[in-house]
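A look at the structure
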Amino acid sequence: MTHRLTSKDILALGFMTFALFVGAGNIIFPPMVGIQSGEHVWTAAIGFLLTAVGLPVMTVIALARVGGGIDALSSPIGKTAGLVLATVCYLAVGPLFATPRTATVSFEVGIAPLTGDGALPLLVYSVLYFALVIGISLYPGKLLDTVGHFLAPLKIVALTILGVAALLWPAGTIAPATEDYQRAAFSSGFVNGYLTMDTLGALVFGIVIVNAARSRGVESASLLTRYTVLAGLIAGVGLTLVYLSLFKLGNGSGALVEQSANGAAILHAYVQQTFGGLGSFFLAALIFVACMVTAVGLTCACAEFFAQYLPLSYKALVFILGLFSMVVSNLGLSHLIQISIPVLTAIYPPCIVLVVLSFTLNWWNKSSRLIAPTMLVSLIFGIIDGVKTTSFKDMLPAFSQHLPLADQGLAWLPPALVMLLIAAIVDRVKGREQVTAHS
């Protein structure tokens, strides 16, 4: 007998996928884009939505089509390169950046206004926070129940209240756009969409979503694909609505905070003004649930992945990853964002190439001829873009400042397209040679 998901379970799976995505970055970056892009907010929003919604949904669909995780998706570049890519993605969205960031954001928004920004309150908070994360992550089979049916709906109600408030009671003035957004609003939004880490998150969560459907007894590959795609689309619609309301919230907050403020500060100022003291409590609870769900999803996914390759059990890895994330989270939010920007700028381009080209596998005689070299070129230029965001930028050769689209953080795109074109021609020629040799 073929097990199918009920409509309620499909919706819960969609809610769970949405809740896994909406973590710290998704709530703090859109208000920052909103306030900095000023009058160009909707142009920037389109760029942001492409990388922060379009790509993650594409990634979930790409994973659903290959029926599994990033290792299945990266098979055209070979086992070793695929494993290296997967490891980097899992570490970036796991214990190095994204998981610790969930703790620092929920602390800065909810606890710091009450206790002050000191090291001791953050330490105490992070210990309690990761104790909870570890506790829930030890039972991955119950994720659809704990997250899909309980935590995710809570999160959705809270985000809806915040979104409706942003539309009904805008804070007021729009600050003029910053220099970056006046020069290139679309591509600034596009690159800021990276920072949500959702495409990397999708590469990692794909397997969590598939396993959640399997936990309900679904075994048919075609049904698993269909349910994962539906979950991705439900999450995509939810993300778009959340982002649009947060752009609006940030865009009207020019009078409340400095334009350079981080997203946590913008949200806190808006909620304080609109809802008063009760608002601070509401925002703290919302961010806490949002961050907790994402941290649990990431910890489960990372532990499942590393358990395949290390002589450690899933439960032991949950403890190790949780404790390591706790230590890193004590660096503080601004430090974490600073360190993560160059790394994400470097690894995003090859991941984008991998996801987009995975939809074209049937077009080529041998897909690895195209995917591997194009990913390599995008990685090299992604690293150059990444170095430019650090204090080492003066060490780069002069030509790197004048590459096409370099001032927009997209220097990797033209060379990757050129490489793709060359590789496609080589693939056609070699394919014909083989056909001629066989005939």
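Residues numbered from 1 in each chain as written. Predicted model: local features only at pLDDT ≥ 70, side-chain atom pairs only at ≥ 80, totals over all residues. Heavy atoms only, no water.

Thoughts on the side chain of T294
Along the chain, T294 turns up in helix α12 (residues 263-309). Taking the relative accessible area as the measure of exposure, T294 reaches 7% and is therefore buried. Ignoring anything within four residues of it in the chain, the contact list for T294 reads A19, L20, F21, V22, G23, T102, K155 and F205. (Helix = DSSP H or I, 4+ residues; strand = E, 2+ residues; numbered from the N terminus. Buried < 20%, exposed > 50% of the residue type's maximum accessible area, 1.4 Å probe, protein only. Contact = heavy atoms within 4.5 Å.)

Side note on helix α13 (residues 314-329)
Given a rise of 1.5 Å per residue, 16 residues ought to cover 22 Å, and the 22 Å separating the end C-alpha atoms of α13 matches this to within 8%. For α13, the complete set of buried residues consists of Y314, L317, V318, L321, G322, S325, M326, V328 and S329. The arc that holds every buried residue of α13, seen down its axis, measures 165°, which confines them to one face. (Expected span 1.5 Å × (residues − 1). Arc of directions from axis to C-beta.)

Concerning the nonpolar core
By size, the foremost hydrophobic cluster in this structure holds 140 residues, and its most contacted members are L13, Y90, Y129 and L200. Each of domain 1 (7-342) and domain 2 (360-432) accounts for three or more of the residues forming this core. Once residues lying within four places of it in the same chain are set aside, the contact partners of Y129 are T102, A103, S106, F288, C291, M292 and A295. (Core = buried A, V, L, I, M, F, W, Y, C linked by side-chain atoms within 4.5 Å. Domains from an automatic or database assignment.)

Some details on the packing of helix α5 (residues 79-96) against α12
In the contact formed by α5 and α12, the axes pass within 10 Å of each other and the chain directions differ by 145°. By crossing handedness, the relation of α5 to α12 is classed as left-handed. Across the interface between the two elements, L83, A86, T87, Y90, L91, V93, G94 and P95 from α5 touch L298, A301, C302, F305, F306 and Y309 from α12. Looking at the contact of α5 with α12 residue by residue, the classes come out as twelve nonpolar, two polar and no charged. (Axes fitted to C-alpha atoms, helices over the stretch in contact; angles between N-to-C directions. Left-handed = near helix turned anticlockwise from the far one by under 90°. Nonpolar A, V, L, I, M, F, W, Y, C, P; charged D, E, K, R; others polar.)

So, the domain arrangement of the protein
Domains assigned within the protein are domain 1 (7-342) and domain 2 (360-432). Just the C-alpha atoms count here: the centres of domain 1 and domain 2 sit 28 Å apart. Counting residues at the interface gives eleven residues for domain 1 and 14 residues for domain 2. Here domain 1 meets domain 2 over a buried area of about 960 Å², counting both sides, of which 68% is carbon and sulfur. Together, P76, I77 and P342 form the three largest contributors to the area buried by domain 1 at its contact with domain 2, with a combined 44%. Counting across the domain 1 and domain 2 interface gives zero salt bridges. Linking domain 1 with domain 2 are zero residue pairs in polar contact (both at pLDDT 80 or more), by the criterion used here. For the side of domain 1 that touches domain 2, the secondary structure elements donating two or more residues are α9 (179-194) and α14 (333-357). (Buried area = accessible area lost by both parts, 1.4 Å probe. Salt bridge = Lys/Arg side-chain N within 4 Å of Asp/Glu carboxyl O. Polar contact = N/O pair within 3.5 Å; in protein donor to acceptor, adjacent residues only side chain to side chain.)

Some remarks on the state of the cysteines
By the definition in use, this model includes zero disulfides. This cysteine, C291, is not joined by any disulfide, and C302 carries the nearest cysteine sulfur, 16 Å off. Accessibility expressed as a relative area gives 1% for C291, which makes it buried. You can see C302 has no disulfide; the closest cysteine sulfur is in C300, sitting 9.6 Å from it. (Disulfide = S-S within 2.5 Å.)

Some points on the confidence of the model for the protein
Close inspection of predicted coordinates is inappropriate in any region flagged by low pLDDT. Looking at the protein, pLDDT values average 82 and 95% of them are 70 or higher. Averaged over each element, pLDDT in the protein is lowest for helix α8 (residues 143-168) (77) and highest for α13 (92). (pLDDT = per-residue confidence, 0-100.)

Describing the packing of aromatic side chains
All chains considered together, the criterion is met by 13 aromatic pairs. With a centroid separation of 5.2 Å and 85° between ring planes, the pair formed by F48 and F247 is classed as edge-to-face. Pair noted here: F48 is in helix α3 (residues 41-66) and F247 is in helix α11 (residues 221-251), with a separation of 199 residues, a long-range link. The class of F48 is buried, set by a relative accessible area of 0%. Using a relative accessible area of 0% as the deciding quantity, one classes F247 as buried. Among the aromatic side chains, those forming a connected cluster through ring pairs are F107, Y125, Y129, F130 and F288. (Phe/Tyr/Trp six-rings, centres within 6.5 Å; stacked < 30°, edge-to-face > 60°.)

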